[in-house]
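# Residue-level structural notes
Below, each chain spelled out in residue letters.
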Amino acid sequence: MVLTLIATVIAGPLLVRPVIRVLGGAFPALFGPVGRMSQRNALRNPRRTGATAAALMVGLALVGGLSVASASISASFDRQIDRTLGADYIVQGTEFRPFNKDVTDAVTGTPGAGLVVRQRIAPIALRLPDGKRVGTTAAGYDPRLDDVAHLTYARGGSAAALAAGHLAMDAGFAEDHRVRIGTVLPVEFQGGRRAELTVGALTDQEGSQAFGSQGGVFLGLATLSEHVPYGEDSALYVNAAPGTGARELRSALERSLEPFPQVQVRDQADYKQLVHDQIAVLLYLVYALLGLAIVIAVLGVVNTLALSVVERTREIGLLRAIGLGRRQLRRMIRLESVVIAVFGAVLGLGLGLVWGVCMQRVLALQGMTVLAVPWGTVVAVVIGAAVVGVVAALLPALRASRMNVLAAIAHE
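Residues numbered from 1 in each chain as written. Predicted model: local features only at pLDDT ≥ 70, side-chain atom pairs only at ≥ 80, totals over all residues. Heavy atoms only, no water.

Secondary structure summary: the chain contains 15 helices and 10 strands in total. The 412 residues of the chain split such that 48% are buried. Only carbon and sulfur atoms are counted for the fraction: they give 59% of the accessible area of the chain, which is about 19,800 Å². Here the chain contributes 38 positive and 30 negative side-chain charges, whose respective centroids are spaced 19 Å apart. (Helix = DSSP H or I, 4+ residues; strand = E, 2+ residues; numbered from the N terminus. Buried < 20%, exposed > 50% of the residue type's maximum accessible area, 1.4 Å probe, protein only. Areas by Shrake-Rupley, 256 points an atom, 1.4 Å probe, with all protein chains shown as cover. Lys, Arg positive; Asp, Glu negative; His and termini not counted. Charge placed at Lys NZ, Arg CZ, Asp CG, Glu CD.)

Given below as structure tokens:
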């Protein structure tokens, strides 16, 4: 990313002529001689134009790259949720904190609640065949996990994974550490408790984060409770009983959980929105960078146009003398500013899209396998760049249009 940024900044002046000829190609047809002059003015000094657009380019490259990465993360989580979550509703604590048995009893006693599968989380440490000790988080589930989750297994199944004295883990993690079906692993639980558990199944979930942190380790709740007897449930997967609609069940669950404001009822759409809201925090940072880039870009374009107007004082006087009106002069300078700003936006977004794709390929190693390009954001940024160009040209255009024609012609 650093090298491509440096290369693009250096190559910017070389790209001015071909890119601006394309971006301003329609100006002569739309605005006549004024459009042709504005395009040629932007081409007069490629080095200055490239330097002016560089500030906007850097900011928009960051915006483009992070937008692609965040959109890809959201799309990957959405697909993973669609593929794995099979429960009608999930009851979880705010900020994913565990809750006491009273909440579980309230949910299981809710009218219309059919199957309820408990999830419990506990930190563990695994002694692996390659000699490494890996600290991670294990999830314990009730036996009917397949009724509330759609798991893909590379080897084995849920019955073997949740059997007494067994566990399951991600197949990729297992391969990295020379773990196979039937391998007996020493496991350390909280409080110094130790056990030897047999690997009963290997999952293929496109990333070991599907059921926790590193390794995607999960096991039967009975096995986990044997070694961590005082743990609290972290989630409840709830399916509606026969004859009960999903909306009816949600209303009943919310009524049952009114005494427990520390827990929430979520469905697939809620889960997706939760992920999107968390990623939105990153996007707020992106928008802050965009705002800073716009401020810097506006100042740069204003400075460049003001300098250009001063250098072309006599030329502007001559144009006014042969009939160029003040409105046409202001339009010429505005179009010149717009094409410079859009040039910076095009370079920045092109570079940012390359960065975003590269970041997504790195994230794909962690299960974020969906590439998503937020085209709406891209189009909005290009339109915004044109608006920036118009705003940046207001003062230089006004100054040029107020020049005294005779004084401008006599200017040396």
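A separate point is the nonpolar core. In terms of nonpolar packing, the biggest core is built from 25 residues, with Leu 85, Tyr 141, Leu 145, Val 148, Phe 218 and Tyr 237 touching the most fellow members. Sequence-distant contacts of Tyr 237, defined by excluding residues within four places in its chain, comprise Leu 85, Ala 87, Tyr 89, Ile 90, Leu 115, Val 116, Val 117, Gln 119, Tyr 141 and Val 148. Formed by 23 residues, the second largest nonpolar core is a distinct cluster that contains Leu 128, Met 169, Phe 173 and Leu 197. (Core = buried A, V, L, I, M, F, W, Y, C linked by side-chain atoms within 4.5 Å. Contact = heavy atoms within 4.5 Å.)

Tallied over the full model, the rule gives 3 aromatic pairs. Arranged with centres 6.0 Å apart and planes meeting at 80 degrees, the rings of Tyr 141 and Phe 218 form a pair that is edge-to-face. Of this pair, Tyr 141 sits in strand β3 (residues 133-141) while Phe 218 sits in strand β8 (residues 218-220), and the two are 77 residues apart along the sequence. Its relative accessible area of 1% is what places Tyr 141 among the buried residues. Ring centres 6.3 Å apart and planes at 50 degrees place the aromatic pair Tyr 141 and Tyr 237 in the tilted group. (Phe/Tyr/Trp six-rings, centres within 6.5 Å; stacked < 30°, edge-to-face > 60°.)

Note that strand β2 (residues 113-127) and strand β9 (residues 233-240) share 6 bridges and pair antiparallel. Across the sheet, residue Val 116 finds its bridge partner in β9, namely Val 238. In this sheet, β3 lies alongside β2 in antiparallel orientation, the contact comprising 9 bridges. Bridge pairing in β3 links Ala 122 to Ala 138. Once β2 ends, the chain turns through 5 residues before running back antiparallel as β3, passing Gly 131 with a positive phi of about 90 degrees. Pairing analysis gives 2 bridges linking β2 to strand β6 (residues 184-188), with the strands arranged antiparallel. Opposite Ala 125, over in β6, you have Glu 188 as the bridge partner. (Pairing = 2+ DSSP bridges.)

Our next topic: a nonpolar patch on the surface. A contiguous nonpolar patch, built from Val 379, Ile 383, Val 387, Val 390, Val 391 and Leu 394 and spanning about 500 Å² of accessible area, is present on the exposed surface. Element by element, the count of residues in the nonpolar patch is highest for helix α13 (residues 375-392), at 5 residues. One can find Val 379 in helix α13. (Patch = residues over 30% accessible without salt bridge, like charges linked within 9 Å, V, L, I, M, F, W, Y side chains within 5 Å. Salt bridge = Lys/Arg side-chain N within 4 Å of Asp/Glu carboxyl O.)

Mapped onto the secondary structure, Ser 401 falls in helix α14 (residues 394-401). A relative accessible area of 1% means that Ser 401 is categorised as buried.

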